[in-house]
Amino acid sequence: MQADFWIMRPFNSLFLSVFAVCTLLLAGASIGLRKKDEKTKELVLIIACVITLIGFVLYKIALSRDAEYNIIRADLGGFNWWGELPLQLCNINMILIPIAALKKSRPLACFGFFLGPLGALMALIMPGTGFSGYSLLLPRMLGYYGTHFMIVMEGLALLAFGLFRPKLSDLPRAILTVFVIAFVVFCINLLLRRSGLDADANYFFSVDTEGNPLLEIFHGWIPFPFLYLIPCIAILGIYMLAITLPLTCIEKKKQKQKKAHSSSN
């Protein structure tokens with residue numbers, strides 16, 4: 001029974017428990033940092049991202065030595081360092097969020113806030129081969145879930161710590177940023193494939209749909225690598241708008257309440 005407790009699958013009791021603990025930690029950190037200055041909040045977030053990146057590297061080292069994983073992934077070529085770079089939609093945010101905090105870049109903050117939690121959550125609820133139905137205590141499982149849960153929380157921390165609040169005016173540049181980053185990653189895919197370093201490089205799913213049902217539909221509309229992601233970027237724009245509008249309304253309501261309170265005094 002104890003061994004079964006540590007088996008990790010999307011939405012099982014262990015998954016939900018870890019998610020709850022991470023959420024409570026984020027809430028606790030937000031409360032603890034409420035009266036701290038912006039630099040302190042930025043430092044905490046940057047340190048968290050650096051720790052996650054270090055954990056990511058250790059996790060990949062452990063994965064490269066995982067005999068069971070290499071057997072599971074034998075049909076896909078096994079472990080390849082060039083195929084494990086932090087260039088997926090989720091883990092690229094370990095690098096971009098600290099840059100956004102240091103450079104005060106709203107487009108990168110938009111990317112981290114909207115795409116970090118979304119990409120990492122998708123990886124958590126739809127884990128790849130070898131990452132579901134195994135004990136969380138295995139190094140590869142601990143690394144996979146630890147990294148992705150941290151990225152979800154770090155993206156949300158931008159808002160929770162008060163470092164970033166999306167505005168409607170941010171969205172055009174944010175969508176352009178997504179497009180540019182996706183194109184750069186697409187070019188890296190092509191370079192890796194043509195150099196032979198990773199014949200199946202497909203970060204951001206920008207070269208091959210890999211059987212994804214939604215991407216298959218888009219590929220049917222636009223049968224060209226990378227370009228078939230354009231509908232995805234359009235959907236991301238709607239997703240960003242759906243989140244930004246309520247936050248904008250809440251912010252305007254707070255400002256009105258502050259004005260009313262100051263006027264009454």
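Here the structure is shown first, and the text comes after it.
Computed from a predicted structure; not experimentally measured.

Asks: What should I look at first to understand the layout of surface pockets in this one?
Replies: The method is simple in principle: a probe with the dimensions of a water molecule rolls over the atoms, and the space it marks as empty is what remains. In this structure, the second largest pocket encloses a volume near 290 Å³. Around the second largest pocket, the lining is made up of 16 residues, and of these Cys22, Leu25, Leu26, Met150 and Met153 lie nearest the centre. Mapped onto the lining of the second largest pocket, the elements with two or more residues apiece are α2 (13-32), α3 (38-64) and α7 (139-160). Per-class residue counts for the lining of the second largest pocket are 14 nonpolar, one polar and one charged.

Asks: I would appreciate a short explanation of the packing of helix α6 (residues 106-125) against helix α8 (residues 171-195) in the present structure.
Replies: Each pair of packed helices can be summarised by the angle the axes make with each other and by the distance between the axes. Two elements in contact, α6 and α8, have axes separated by 9 Å at closest approach and are oriented at 75°. It follows that α6 is roughly perpendicular to α8 by the angle criterion. Where α6 approaches α8, its residues Arg106, Pro107, Leu108, Cys110, Phe111, Phe114 and Leu115 are matched on the opposing element by Leu171, Arg173, Ala174, Thr177, Val178 and Ile181. In terms of residue class, the contact of α6 with α8 is built from ten nonpolar, one polar and two charged.

Asks: It is not clear to me how the pattern of salt bridges should be interpreted in this structure. Could you clarify?
Replies: Pairing is possible between side chains of opposite charge, provided their charged atoms come close. Within the structure shown, the criterion is met by eight salt bridges. For Arg140, the salt bridge is made with Glu68, and the minimal N-O distance between the two is 3.1 Å. In this pair, Arg140 is assigned in helix α7 and Glu68 in helix α4 (residues 67-72), connecting sequence segments 72 residues apart. Taking the relative accessible area as the measure of exposure, Arg140 reaches 1% and is therefore buried. With a relative accessible area of 38%, Glu68 lands in the partly exposed category. Of the charged contacts, one joins Arg173 and Asp170 as a salt bridge, the two residues approaching to 3.9 Å between their closest N and O atoms. The exposure class of Arg173 is partly exposed, given its relative accessible area of 45%.

Here is what the cut-offs are and how they apply
- Residues numbered from 1 in each chain as written.
- Predicted model: local features only at pLDDT ≥ 70, side-chain atom pairs only at ≥ 80, totals over all residues.
- Heavy atoms only, no water.
- 1 Å grid on protein atoms, 1.4 Å probe; cavity = no way out; pocket = protein on both sides within 12 Å on 5 of 7 lines; lining within 4 Å.
- Points joined across faces, edges and corners; volume = space filled by probe spheres on them.
- Helix = DSSP H or I, 4+ residues; strand = E, 2+ residues; numbered from the N terminus.
- Nonpolar A, V, L, I, M, F, W, Y, C, P; charged D, E, K, R; others polar.
- Axes fitted to C-alpha atoms, helices over the stretch in contact; angles between N-to-C directions.
- Parallel < 35°, antiparallel > 145°, perpendicular 65-115°, else oblique.
- Contact = heavy atoms within 4.5 Å.
- Salt bridge = Lys/Arg side-chain N within 4 Å of Asp/Glu carboxyl O.
- Buried < 20%, exposed > 50% of the residue type's maximum accessible area, 1.4 Å probe, protein only.

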